[in-house]
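# Descriptive analysis of the structure
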Amino acid sequence: MPLTVAVQMDPIERIRIAGDSTFALLLEAQARGHKLLHYTPDRLRLNGKRAEAMAEPLAVKDVEGDHARLGEASLTDLSTVDVVLLRQDPPFDLAYIATTHILEFIQPKTLVVNDPSGVRNAPEKLFVMDFPELMPPTLIARDRAAIEAFRTEHGEVVMKPLYGFGGAAVFKVGVQDPNFGSLFDLFSATFREPWVIQKFLPAVAKGDKRIILVDGEAKGVINRVPTGDDIRSNMVRGGAAKETDLTERERAICSTIGPELRKRGLLFVGIDVIDGYLTEINVTSPTGIRAVKRLGGPDLAVAIWDTIETKVTRK
């Protein structure tokens, strides 16, 4: 059954399609005969109890630079579409949170992926703290005495902003690091929220695995390997995607968190695992679909749309 699918995302003309998971989802939706609409978050609004967006008809093609054709924008009542893909990139700020509140007005008539309340209530570096037994030692704080005590106990640590993304502002801090004081001052002046302080895992040099879960089940994995002496493996920071398999420990992690993901309506999730330790649960705009397929893994866009279509049919 053809569906009408609206995608809430950053401007599609600016994306790099070779590694863009949203684009992979759109290609698969179009191949299935679904009608596509595109709008950016700034064009979403709440008129009384009606969630609306100025949305354009969209056609996509897997050709860099000629990948999207947009029609004339018109006002669309989002309760009249079948699916909304919530896919704009972080920052996860009040503007992002506001869109989740607005999109709740179209539920359950319209399926939103991922569920907006689930996204709002699962900040990626806080939600993961529900599973401390799966993680390396981690502290969420901005108090200097607490951070120094944590460093004394655990040695080398990684410091990063709680709502950071894409590997930005991630620092390794040594046991006796002369830069710690300056770094603390910089974080204090830059970020109002607490920060993440996590025991450094030297095995990150061998890779940081991105595991894709679809409706709570592990469906694909890649290993992202840092380049040079950078501790960050994010592909937007130069990390290289490598083929890999799931270990028994990683399967156990997925089995542990899977039921909670399904409960929260988090259908498309990417988790990060280093040396058998869960470090993040990414729910806002997870990536990795195209890299998994490029390295010989399954086409996860197929699995995601199979699941979406089943959920729409059952409504």
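So, here's what we can say about the structure. (Residues numbered from 1 in each chain as written. Predicted model: local features only at pLDDT ≥ 70, side-chain atom pairs only at ≥ 80, totals over all residues. Heavy atoms only, no water.)

This brings us to the packing of helix α5 (residues 144-154) against helix α6 (residues 180-190). Here α5 crosses α6 at 140°, and the two axes come no closer than 12 Å. Looking at the two axes, α5 sits oblique to α6. The two elements α5 and α6 meet at a crossing, and its hand is right-handed. Contacts from Arg144, Ile147, Glu148 and Arg151 of α5 reach α6 at Phe180, Gly181 and Phe184. Here the residues of the contact of α5 with α6 are counted per class, giving three nonpolar, one polar and three charged. (Axes fitted to C-alpha atoms, helices over the stretch in contact; angles between N-to-C directions. Helix = DSSP H or I, 4+ residues; strand = E, 2+ residues; numbered from the N terminus. Parallel < 35°, antiparallel > 145°, perpendicular 65-115°, else oblique. Left-handed = near helix turned anticlockwise from the far one by under 90°. Contact = heavy atoms within 4.5 Å. Nonpolar A, V, L, I, M, F, W, Y, C, P; charged D, E, K, R; others polar.)

Scanning all chains against the criterion turns up 23 salt bridges. Residue Glu148 is joined to Arg144 by a salt bridge in which the shortest nitrogen-to-oxygen separation is 3.0 Å. Here Glu148 and its partner Arg144 are both found in helix α5, four residues apart, which amounts to about one turn of the helix. Here Arg144 falls in the partly exposed class, since its relative accessible area comes to 33%. (Salt bridge = Lys/Arg side-chain N within 4 Å of Asp/Glu carboxyl O. Buried < 20%, exposed > 50% of the residue type's maximum accessible area, 1.4 Å probe, protein only.)

Now for the nonpolar core. Counting 39 residues, the largest nonpolar core has Tyr39, Leu103, Ile257, Ile271, Leu278 and Ile281 as its most contacted members. Elements with a minimum of two residues in this core: β2 (35-39), β4 (50-60), β7 (83-86), α2 (94-103), β13 (208-214), α7 (248-263), β16 (268-274) and β17 (277-282). Of all the elements, α7 adds the most residues to this core, at four residues. Apart from residues no more than four positions distant in its own chain, Leu103 is found in contact with Gln8, Tyr39, Leu44, Leu78, Val84, Leu86, Val112 and Pro116. Listed in part, the 34 residues of the second largest apolar core include Ala29, Leu111, Ile212 and Val214. (Core = buried A, V, L, I, M, F, W, Y, C linked by side-chain atoms within 4.5 Å.)

Quick look at the sheet that holds β17 now. Here five strands make up an open sheet; going across it, the order is β15-β14-β13-β16-β17 and the pairing antiparallel. This sheet does not close on itself; its edge strands, each paired only once, are β15 (240-242) and β17. Pairs of neighbouring strands in the sheet enclose a mean axial angle of 30°, with direction left out of account. Bridge count for β16 against β17 is five bridges, and the pairing is antiparallel. Looking at β17, one finds that Ile274 is bridged to Tyr277. Those strands touched by helix α9 (residues 300-314) are β13, β14 (217-225) and β16, and its axis lies near 30° from that of β13. (Pairing = 2+ DSSP bridges.)

Our next topic: unusual backbone geometry. At the junction of Gln107 and Pro108, the peptide bond is cis and its omega measures out at 0° in the coordinates. With respect to the element layout, Pro108 can be found in the loop between α2 and β8 (111-113). Put simply, Val113 and Asn114 share a cis peptide bond, and its omega is -5°. Looking at the element boundaries, Asn114 is found in the loop between β8 and α3 (116-120). Of note in this structure, Asp215 is not a glycine but carries a positive phi near 50°. Tracing the chain through its elements places Asp215 in the loop between β13 and β14. Located in the positive-phi region is Asp275, a residue other than glycine, with phi close to 55°. Mapped onto the fold, Asp275 is located in the loop between β16 and β17. Here Asp275 falls in the exposed class, since its relative accessible area comes to 53%.

Another point: the sheet that holds strand β9 (residues 138-141). Pairing within the open sheet is antiparallel, and its four strands lie in the order β9-β12-β10-β11. Looking at which strands have only one partner, the edges of the open sheet turn out to be β9 and β11 (171-173). Adjacent strand axes in the sheet meet at a mean angle of 25°, parallel and antiparallel pairs treated alike. Across five bridges, the pairing between strand β10 (residues 157-161) and strand β12 (residues 195-199) is antiparallel.

Topologically, Ser79 is positioned in the loop between β6 (74-77) and β7. A distance of 2.8 Å separates the side chain of Ser79 from the side chain of Asp77, its partner in a polar contact. Excluding anything up to four places from it in sequence, Ser79 contacts Ala51, Ile106, Lys109 and Thr110. (Polar contact = N/O pair within 3.5 Å; in protein donor to acceptor, adjacent residues only side chain to side chain.)

Counting buried positions along helix α1 (residues 21-31) gives eight out of 11 residues, so the element sits mostly inside the fold. The set of residues buried in α1 consists of Ser21, Thr22, Phe23, Ala24, Leu25, Leu26, Glu28 and Ala29. Two or three places before Thr22, at the start of α1, stands the capping residue Asp20, its side-chain oxygen 3.0 Å from that residue's backbone nitrogen. Positive backbone phi, at 90°, marks Gly33, one or two positions downstream of α1.

In this section: the packing of aromatic side chains. A full pass over the atoms with the stated rule returns eight aromatic pairs. On the numbers, 5.6 Å between centres and 50° between planes, the contact of Phe92 with Tyr96 is tilted. Across the pair, Tyr96 and Phe92 agree in class, each one buried. On the numbers, 6.0 Å between centres and 65° between planes, the contact of Phe127 with Phe131 is edge-to-face. (Phe/Tyr/Trp six-rings, centres within 6.5 Å; stacked < 30°, edge-to-face > 60°.)

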